[in-house]
Amino acid sequence: MLVNGKHYRTIWLNKNDEKIVSIIDQTKLPHSFETLDLRTVEDFRCAIKDMTVRGAGLIGATAGYGMYIAALEAKNENFDDDIKKSGEILAATRPTAKNLSWAVERQIKKICDNNLSCDEKRKIAKAEAEAIANEDAEFCRKIGENGLEIIREISKKKNGKTVNILTHCNAGWLAFTDYGSALSPIYAAKNAGIDIHVWVDETRPRNQGASLTAWELGQEKVAHHLIADNCGGHLMQHGLVDMAIVGADRVSLGGDAANKIGTYLKALAAKDNNVPFYVAFPSSTFDFEIFDGVKEIPIEERGSEEVRIMSGKNKDGKVCEVQICPDSTPAKNWGFDVTPARLITKLITERGVFEPSKEAILKIYPI
Ligand code: MRU
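Every value quoted in this text rests on a predicted model; they were computed, and no experiment measured them.

Turning next to the nonpolar core. Of all hydrophobic cores here, the largest spans 36 residues; its most connected members are Ile 11, Val 21, Phe 44, Tyr 65, Phe 79 and Ile 83. Broken down by secondary-structure element, the contributors of at least two residues to this core are β3 (11–13), β4 (21–24), α1 (41–49), α2 (56–73), α3 (79–91), α4 (98–112) and α5 (118–157). Counting residues per element, this core draws most heavily on α2, at eleven residues. Excluding anything up to four places from it in sequence, Phe 79 contacts Ala 71, Ala 74, Ile 111, Cys 118, Lys 121 and Arg 122.

As a further point, take the packing of aromatic side chains. The geometry of an aromatic ring pair is captured by two quantities: the separation of the ring centres and the angle between the planes. Enumeration according to the criterion identifies eight aromatic pairs in this entry. Judged by centre distance (5.2 Å) and plane angle (65°), the rings of Phe 286 and Tyr 365 are edge-to-face. Placement of the pair is Phe 286 in strand β13 (residues 286–287) and Tyr 365 in the segment after α12 (358–364), with a sequence separation of 79 residues. In this structure Phe 286 comes out as buried when scored by relative accessible area, which is 3%. The positively charged end of Lys 260 is found above the aromatic ring belonging to Phe 336, 4.0 Å away from the centroid.

What follows covers the sheet that holds strand β17 (residues 346–349). The mixed open sheet is built from seven strands, whose spatial order is β8-β7-β6-β9-β12-β17-β18. Every interior strand has two partners, whereas the edge strands, β8 (224–227) and β18 (352–354), have only one. Pairs of neighbouring strands in the sheet enclose a mean axial angle of 25°, with direction left out of account. Contacts between α5 and the sheet are confined to β6 (163–167), β7 (196–201), β9 (243–246), β12 (277–280), β17 and β18, with β17 contributing the most and set at about 135° to the helix.

The local shell around the ligand holds 16 residues, among which Arg 54, Arg 94, Asp 249, Asn 259 and Lys 260 are the closest. For the ligand, an oxygen atom lies 2.7 Å from a polar atom in the side chain of Lys 260. Its free accessible area being 400 Å², the ligand has 100% of it covered by the protein chains. Here the shell around the ligand is built from residues that sort into eight nonpolar, four polar and four charged.

Attention now goes to the state of the cysteines. One pass over the full model with this rule turns up zero disulfides. Cysteine Cys 320 shares no disulfide, and the gap to the nearest cysteine sulfur, in Cys 325, comes to 16 Å.

Following both chains from N to C, one finds α3 and α4 inclined at 175°, their axes separated by 10 Å at the closest point. If you check the angle between α3 and α4, you find them roughly antiparallel. Residue-level contacts link Phe 79, Asp 80, Ile 83, Lys 84, Gly 87, Leu 90 and Ala 91 of α3 to Leu 100, Val 104, Ile 108, Ile 111 and Cys 112 of α4. When its residues are assigned to classes, the contact of α3 with α4 shows nine nonpolar, one polar and two charged.

So, on to unusual backbone geometry. What is expected of a backbone is that most residues other than glycine have negative phi and most peptide bonds are trans. Omega for the peptide link from Leu 29 to Pro 30 comes to 5°, which places this bond in the cis form. For the bond from Arg 204 to Pro 205, the omega torsion is 5°, close enough to zero to count as cis. Mapped onto the fold, Pro 205 is located in the loop between β7 and α7 (208–219). In this structure, Asn 274 takes a positive phi of about 55° despite not being glycine.

Further remarks concern the sheet that holds strand β10 (residues 250–252). On the basis of which strands lie adjacent, the open sheet formed by four strands has the order β13-β10-β11-β16 and mixed pairing. The sheet terminates laterally at β13 and β16 (336–339), the two strands that pair on one side only. Where strand β11 (residues 257–260) meets β16, four bridges bridge the pair, whose relative direction is antiparallel. Paired with Ala 258 across the two strands is Val 338, which belongs to β16.

Secondary-structure assignment places Met 310 in strand β14 (residues 309–313). Classification of Met 310 as partly exposed rests on a relative accessible area of 25%. As a C-alpha pair, Met 310 and Glu 321 span eleven residues in sequence and 5.6 Å in three-dimensional space. Residue contacts for Met 310: discarding those within four places in its chain leaves Arg 204, Asn 207, Cys 320, Glu 321, Val 322 and Ile 324.

Inspection of the sheet shows β14 paired to strand β15 (residues 319–323) by five bridges, in the antiparallel sense. Note that in β15 the partner of Ser 311 across the bridge is Glu 321. Between the end of β14 and the start of β15, which pair antiparallel, lie five residues, with Gly 317 showing a positive phi angle near 85°.

At their nearest, the axes of α1 and α3 sit 9 Å apart, and the two run at 20° to each other. Between α1 and α3, the crossing angle belongs to the class labelled roughly parallel. For the crossing formed where α1 meets α3, the hand is right-handed. In this structure, α1 uses Val 41, Phe 44 and Arg 45 to contact α3, whose residues at the interface are Ser 86, Ile 89 and Leu 90. Its residues placed into classes, the contact of α1 with α3 shows four nonpolar, one polar and one charged.

About the cut-offs
Per chain, residues are indexed from 1 in the order of the written sequence. Thresholds applied to this predicted model are a pLDDT of at least 70 for local features of residues and 80 or more for the giving and counting of side-chain atom pairs; totals over whole chains, interfaces and linings are not thresholded and use all residues. By convention in this description, side-chain values take in all heavy atoms of the structure and omit both hydrogens and water. Here, nonpolar core means buried Ala, Val, Leu, Ile, Met, Phe, Trp, Tyr and Cys residues that are tied together by side-chain atoms lying within 4.5 Å of each other. Accessibility here uses a 1.4 Å probe with only protein chains present; expressed as a share of the type maximum, an area under 20% marks a residue as buried, one over 50% as exposed, and anything in between as partly exposed. Labels follow the DSSP assignment, with helices taken as runs of H or I lasting at least four residues and strands as runs of E lasting at least two, numbered in each case from the N terminus. In this description, contact between two residues means that some pair of their heavy atoms is separated by no more than 4.5 Å. Pairs were defined over the aromatic rings of Phe, Tyr and Trp, the Trp ring being its six-membered one, requiring ring centres within 6.5 Å. Orientation was assigned from the angle between planes: stacked under 30 degrees, edge-to-face over 60, tilted for the rest. Lysine NZ or arginine CZ positioned within 6 Å of the ring centre and within 35 degrees of the ring normal marks a charge as sitting over the ring. In this scheme, strands are said to pair when DSSP sees at least two bridges between them. Between the N-to-C directions of two axes lies an angle of 0 to 180 degrees, each axis being a line fitted to C-alpha atoms and, for a helix, fitted only over the stretch in contact. For this description, a residue counts as near a given molecule or strand if any of its non-hydrogen atoms is within 4 Å of it. Contacts described as polar in this section are N or O atom pairs within 3.5 Å, which, within protein, must combine one atom able to donate a hydrogen with one able to accept it, while residues neighboring in sequence count only if both atoms come from side chains. Note on areas: these come from Shrake-Rupley sampling with a 1.4 Å probe, and a residue is covered only by the protein chains present in the view. For this scheme, ten residues count as nonpolar: Ala, Val, Leu, Ile, Met, Phe, Trp, Tyr, Cys and Pro. Four count as charged, namely Asp, Glu, Lys and Arg, and the remainder, Gly too, count as polar. A pair of sulfur atoms, both from cysteines and within 2.5 Å, is called a disulfide here. In these notes the angle categories are as follows: under 35 degrees is roughly parallel, over 145 is roughly antiparallel, 65 to 115 is roughly perpendicular, and the rest is oblique. Crossings are sorted by hand: turned counterclockwise from the far helix by less than a right angle, the near helix makes the crossing left-handed, and turned clockwise it makes it right-handed.

Structural data, given as structure tokens:
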């Protein structure tokens, strides 16, 4: 997608030295656009853990490239074991997004399940990392095509009047390698000339809506307003939301979807107000091994400082941190919640738009 009119992906092999992987440093957005080079498995571990890269698809793609770097680091005498150890290190960085373990396992299978030489395995690891990143972009592009039809229908019903779409967190191109999941249909609608406007939840505590989604939409010139996290219900009661669309970090076989904390409350409000609620994600986010998402999806608990302290730009234009509570106030910080299938209108993936039910999922994704 575009940054100051220039096309970027969120992760790429460095053109001058293919032993280096470059990323956009998302902790610096929206106030500064900076890229960063990753050279070691430890660099990859830190980038995922510290959320320099974040978002389910991008975490998966980063793990894919991390395993390529692991193949460069692996000793010839102990190659497959070294690869598996690096895989364990990367997979342990964050628990909720399924794409992470999915990408690590895909790489381990590809690299280790053969009798090739170590150098051939290294080539395979590089090709597979590129394949994972390219597939992520292509699947997101298709999610855009599939979701576009939903927006088009609403626009027709409104006789071309503005379609108001609410989204939570950042499931845009920054959360993937390109296009995004929840934002991909929005970009497709904009390109198709449909009049749209996006309500952007700020998404406390890390404010991915305010810092990333608002920035992305601004770069792509999509009309939007930032709203406080608790505003969505009020807007829905007053007919100001035509649809909600969010991303997902893990989706169960029963159609339950884990997404950034606060998503569930938006889905409840949507149900109460007959606002259609869509969840968009590529199939790498499915966890076919679990059925009950509320009981079984692992929810990340992060440090309390993310709740107690906020960062932003001050009047002098300097980025700084401020504490928003008394010095001694303790805080708790769950990163995700699970929206049960019964609150979701439809799932949108690269293969189409379908009911959030085991039957519908297995029809589209026969295991
Ligand atoms: O903690 P993050 O920023 O990695 O969380 C992921 C998200 O941005 C959201 O949950 C998103 O809506 C789904 S990931 C495409």
